[in-house]
Amino acid sequence: MKSIRTIGVPAALGIAALTAAGCGDSSEPAADNIRVGVVYYDQSDTFLGALTEALREDLAEYKTESRNITMMLRTSEGSQDTQNEQVSELIEAGCNVLCINLVDRSLPSDIIDMASQEELPIIFFNREPVAEDMELWEKTYYVGADARQSGQMQGELAAETILNKDADRNHDGVIQYVVLEGEAGHQDAIVRTESSVETIENEGIVLEKLSYQMANWNRAQAQNRVEQLEAQFTGKIELILANNDDMALGAVDAYEKLNYTENTWPLIFGVDGTDAGLAALQEGKIDGTVYNDKEGQAAAIARLAVAAVTGEGMDEISFDQYHSIYIPYFKITEE
C-alpha cells in the first residue's frame, strides 16, 4: 500500500495557557474579553478530549494585549439533561459564545432556545444537529466532518488490504466480518458503517456479516464484545470494522487477552487517528485508520468562535449549507 499522507506535529506547543478564570470574569469589557463555553458529551471519548485540548491552544493564539480569552470546559457524562443544565450555567456565568458537542444530536432545541434568547452564537461540533434544528437560530453553526467520507475511506483501506493479503483464511471466497458500532441510533455510526461495507462490496469482495455489536465508542466495551464474538465464532472472523479507534483497540485487547498470535487475528480497521490508534497501526496491531482531523476542526472552531463574537473576519469564512464547515478525513496506513 502506498502512503496517503504524513501527519505533522501541531505547532501550538509553547503557547501560553488560557487564563484559569471562569466565563463569569467580567473585569474587562465584553469586546475585549471573549468568554468561550465548551461542552462535550463524555470525558471518556479519547478523540474529543484531544480535540478540546487543541481548541484550548488555538483559542490562545487569538489573545492579544488588548483582548483576553477565557475557556470554560464541561463534560456531560452521557446525559443530555446534564448538558442542558451545564449550558444554562455557562450562559449565567457570562459566556458569549457556546461550543457544544451534543449528547443526543436529535435534542438540541433546548440549547438553541437558551442561546437565541441571549442572542449568543452557538457552534455545534462533531455531532451535527438535523437541518431543521440548524435553522432555528440564525447564529447556529456546525464544525465537523462527513461521516460518509470516513466510512468510504475505511472501506477503501479494507478492500485494498483484503485484495493484497490472504485475508480469506478459510478460502471460501467470502470475507466473514463483524462491525463494532459506536452507538445505537447515532446517525454518524449508521452512515459510517453503511458506507464502509458498501465500498468494500463495490470492489467485488463478497462479504458475510457475522454480527453487529454496539460498543458505544468505548475500548473496554469493544474488548468485551469481541471476546464474546470469538467464543461464538471461534476463528471465523476475518475482518473487524470499528467505527472508531478506541473500539479497534478494544478488539486488539481482546485478542491479546485470548492469547491469539497476531497472524491469526482478523484484519482490524478504525477511524479517528488517535495517538493510541496510530501507535497500534505502526506496531502492526491494526491494519488502517481514517484520520479525523481534530487539529483542523479545532482551528475552525476557534476562528469561528472569535469571529462570531467580534465580527472580525466573519465574511471571510466559507460555509456549506446551514452554516456548516466540514473538515476532510484522510487515510492512514502503516507506511
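Predicted, not measured: the structure shown is a model, and the values here were computed from it.

1. A closer look at the sheet that holds strand β8 (residues 239-242)
- In space, the four strands of this open sheet follow the order β7-β6-β8-β9, with parallel pairing throughout. At either margin of the open sheet sits one strand with a lone partner, and together these are β7 (207-214) and β9 (267-269). Going from strand to strand, the sheet's axes swing by 15° on average, the running direction of each strand aside.
- Relative to β7, strand β6 (residues 175-181) runs parallel, the two sharing seven bridges. The residue bridging Val178 from the neighbouring strand is Ser211, located in β7.

2. As for the environment of Gln221
- Considering the arrangement of structural elements, one finds Gln221 in helix α7 (residues 219-232).
- Residue Gln221 is classed as partly exposed on the basis of its relative accessible area of 27%.
- Dropping the residues within four chain positions of it, Gln221 is found in contact with Ala215 and Asn216.

3. Some words on unusual backbone geometry
- A positive phi angle, close to 70°, is found at Asn126, a residue other than glycine.
- Mapped onto the elements of the fold, Asn126 is located in the loop between β4 (122-125) and α4 (131-134).
- Backbone geometry at Asp272 places phi at a positive 130°, although glycine is not the residue there.
- Looking at the element boundaries, Asp272 is found in the loop between β9 and α9 (275-282).

4. Here we look at the sheet that holds strand β3 (residues 97-100)
- Spatially, six strands are ordered β2-β1-β3-β4-β5-β11 in an open sheet, and the strand pairing comes out parallel. Looking at the sheet topology across the chains shown, the edges are occupied by β2 (68-75) and β11 (324-326). The mean angle between the axes of side-by-side strands here comes to 15°, regardless of whether they run parallel or antiparallel.
- Here three bridges tie β3 to β4, and the two strands are oriented parallel to one another. The partner of Leu98 across the bridge, within β4, is Ile122.
- Packing of helix α3 (residues 109-117) onto the sheet brings it into contact with β3, β4 and β5 (140-144), and relative to β4 it is tilted by some 155°.

What counts as what
- Residues numbered from 1 in each chain as written.
- Predicted model: local features only at pLDDT ≥ 70, side-chain atom pairs only at ≥ 80, totals over all residues.
- Heavy atoms only, no water.
- Pairing = 2+ DSSP bridges.
- Helix = DSSP H or I, 4+ residues; strand = E, 2+ residues; numbered from the N terminus.
- Axes fitted to C-alpha atoms, helices over the stretch in contact; angles between N-to-C directions.
- Buried < 20%, exposed > 50% of the residue type's maximum accessible area, 1.4 Å probe, protein only.
- Contact = heavy atoms within 4.5 Å.

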